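For reference, the chains in residue letters:
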Amino acid sequence: NTGASVNWSHVWGGMTYSSFLLSSSIYNSYSFSEWAYPSPLPTIELTDDNQIEDITIQLNNISKLNSSHTLEFGFIYKRYLTKFISKPKFSAIERSLVPERGVLSSIYFQDKLNTDKPLNATIGFRVSNYDLTSDYYINPRASFTYAFTDWFTLKGSAGQYTQFMHRFSNNFTIGGKKFVWIQSNEQLKPVSSQQFDIGFQHENDYWTAGVSAYQRRYNNLLDFSRLVSPMHPYLALSEGSDQDNLLMGSGNSKGLELFLHKKSGPLHGWLSYTFGKIEHLFPDLNNGKPFLADHDRTHEFKAVTITSPGTWDITLSWIYSSGMPYTPKGRKLKSDESPYVLIYSIIPDSTERNTERLGAIHRIDLSITKHLEFLSTNMEIGFSIF
């Protein structure tokens, strides 16, 4: 990954502030694998080259209207250039379906209400146009804090979000095809979500503690598990084949988060615990019933302890997480059904999706750092064990 940016800012008369950002980033992913079949079948070389270039032009403005209201507004222009090259090469028809250039233009407005009263709030919206779908997307958002006392606060937020990039991921472990980024278009609709959260927070000079509940709903989720190449989603949707049609569905995640942070003292750190559930619903999968998402984790606990005696920094962390769900049964694909799938490859069947769960995950990390000063230069020497 590489990136560069240029930033300019200016204060207009003390009440309005403007900033301009020009940035560019490039993501590259390259993988190579070789598969040898028994004679007389040939050896097959598979190469995946995925590149995304993101060019962003952003203008932000902040204007303090009065003692209570601060207006923020701006414009964002993003140009995505996506390249995917594979070997064996696919036909020119398949290549022409994969978008190489996408432009996302957005304007946003939000009003920050900040008074001496207990209630502070931010209300705004974003309007975006994506040229590959020729559609407009309106995303309203709001958040608030209500201070019952100086140390006890109620917080909440709600918003609509749209994601225009998809990460192609399937059940075949061929090279880097599990992590290929592709763009939305009229066939591959962008993912939309509605997010809500509310919680309480207690804070003083020594401790911060909080509890919050959240819920997120997703639409236009895509299931790539039956497709081998990142080019196939566009092909399947454009042809409308019943056998290779791309599965689309919805999702719902909800949970509870607890957080405790000790901010000072010779021994400080934080504890966090998350209880959650992520379900997907695809009419053509799991007999039309909801099933756990691949990244569902029922329990996740994190503990971090930090101490800094003298010129030393010592950090000890522990993570516990429930194992990921998986589908224990599948069906075998014969070699004559698809030229891109290995013999006896296993893919999940349409029933009983993600009914089992792997064992829990435990991880412990210990890092020790020594701060030194040598020839008027600050240096650090350290090591870690995990």
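Placed above this text is the structure.
Our subject in this report is the structure included herewith. This one's a predicted model, so the numbers in the text were calculated from it and none came from an experiment.

About the thresholds
- Residues numbered from 1 in each chain as written.
- Predicted model: local features only at pLDDT ≥ 70, side-chain atom pairs only at ≥ 80, totals over all residues.
- Heavy atoms only, no water.
- Salt bridge = Lys/Arg side-chain N within 4 Å of Asp/Glu carboxyl O.
- Helix = DSSP H or I, 4+ residues; strand = E, 2+ residues; numbered from the N terminus.
- Buried < 20%, exposed > 50% of the residue type's maximum accessible area, 1.4 Å probe, protein only.
- Patch = residues over 30% accessible without salt bridge, like charges linked within 9 Å, V, L, I, M, F, W, Y side chains within 5 Å.
- Areas by Shrake-Rupley, 256 points an atom, 1.4 Å probe, with all protein chains shown as cover.
- Polar contact = N/O pair within 3.5 Å; in protein donor to acceptor, adjacent residues only side chain to side chain.
- Contact = heavy atoms within 4.5 Å.
- Phe/Tyr/Trp six-rings, centres within 6.5 Å; stacked < 30°, edge-to-face > 60°.
- Core = buried A, V, L, I, M, F, W, Y, C linked by side-chain atoms within 4.5 Å.

**A closer look at the pattern of salt bridges**
Inference 1: Under the counting rule described, the total for this entry stands at seven salt bridges.
Inference 2: For the salt bridge of Arg353 with Asp223, the shortest nitrogen-to-oxygen distance reads 3.0 Å. With Arg353 in the loop between strand E20 (346-348) and strand E21 (356-357) and Asp223 in strand E12 (residues 207-223), this pair connects stretches of sequence that are 130 residues apart. Per residue, the accessibility class of Arg353 equals that of Asp223, and both read buried.
Inference 3: In this structure, Arg363 engages Asp365 in a salt bridge whose closest nitrogen and oxygen atoms are separated by 2.8 Å.
Inference 4: On the basis of relative accessibility, which here comes to 41%, the residue Arg363 falls in the partly exposed class.
Inference 5: For Asp365, a relative accessible area of 19% translates into the label buried.

**Looking at a nonpolar patch on the surface**
Inference 1: Residues Val6, Trp8, Trp12, Phe20, Leu22, Ile57, Leu59, Phe75, Ile107, Phe109, Phe125 and Ile138 make up a contiguous nonpolar surface patch of roughly 1100 Å² in combined accessible area.
Inference 2: Contributions of two or more residues to the nonpolar patch are made by strand E1 (2-12), strand E2 (16-35), strand E3 (44-64) and strand E5 (101-114).
Inference 3: Among the elements that make up the nonpolar patch, the one with the highest residue count is E1 (three residues).
Inference 4: By the secondary structure assignment, Phe20 is in strand E2.

**Observations concerning the side chain of Asp365**
Inference 1: Its location among the elements puts Asp365 in strand E22 (residues 361-374).
Inference 2: For Asp365, the side chain forms a polar contact with the side chain of Arg363, separated by 2.8 Å.
Inference 3: Once residues within four sequence positions are removed from consideration, Asp365 is found in contact with Thr315, Leu316, Ser317, Ile385 and Phe386.

**Notes on the packing of aromatic side chains**
Inference 1: Applying the stated criterion to the full structure yields 10 aromatic pairs.
Inference 2: With a centroid separation of 5.0 Å and 70° between ring planes, the pair formed by Tyr146 and Phe148 is classed as edge-to-face.
Inference 3: The partly exposed category is assigned to Tyr146, whose relative accessible area is 32%.
Inference 4: On the accessibility criterion, Phe148 (46% relative accessible area) is partly exposed.
Inference 5: Aromatic pair Phe152 and Phe200: ring centres 5.5 Å apart, planes at 10°, arrangement stacked. In this pair, Phe152 sits in strand E8 (residues 152-163) while Phe200 sits in strand E11 (residues 191-203), placing the two residues 48 residues apart along the sequence.

**Some points on unusual backbone geometry**
Inference 1: With a phi close to 60°, Ser134 is a non-glycine residue in the positive phi region.
Inference 2: By the element assignment, Ser134 lies in the loop between strand E6 (119-130) and strand E7 (135-147).
Inference 3: For Ser376, which is not glycine, the phi dihedral falls at a positive 60°.
Inference 4: Relative to the assigned elements, Ser376 resides in the loop between E22 and strand E23 (377-385).
Inference 5: Taking relative accessible area as the criterion, Ser376 reaches 73% and is therefore assigned exposed.

**Remarks on the side chain of Ser184**
Inference 1: Along the chain, Ser184 turns up in the loop between strand E10 (180-183) and E11.
Inference 2: Using a relative accessible area of 0% as the deciding quantity, one classes Ser184 as buried.
Inference 3: Reaching out from Ser184, the side chain makes a polar contact with the backbone oxygen of Phe164 at a distance of 3.0 Å.
Inference 4: Beyond its immediate chain neighbours, meaning those up to four positions away, Ser184 contacts Pro99, Tyr130, Leu132, Gln163, Phe164, Met165, His166, Lys189 and Pro190.

**Let's talk about the nonpolar core**
It is characteristic of soluble globular proteins that their nonpolar side chains tend to be buried jointly.
Inference 1: Of all hydrophobic cores here, the largest spans 12 residues; its members are Phe84, Val98, Phe168, Val180, Ile182, Leu188, Leu222, Phe224, Leu227, Met231, Tyr234 and Leu246.
Inference 2: Not counting chain neighbours up to four residues away, the residues in contact with Ile182 comprise Met165, His166, Phe168, Leu188, Phe224, Pro230, Pro233 and Tyr234.
Inference 3: Of all hydrophobic cores here, the second largest spans eight residues; its members include Tyr80, Tyr130, Phe164 and Met165.

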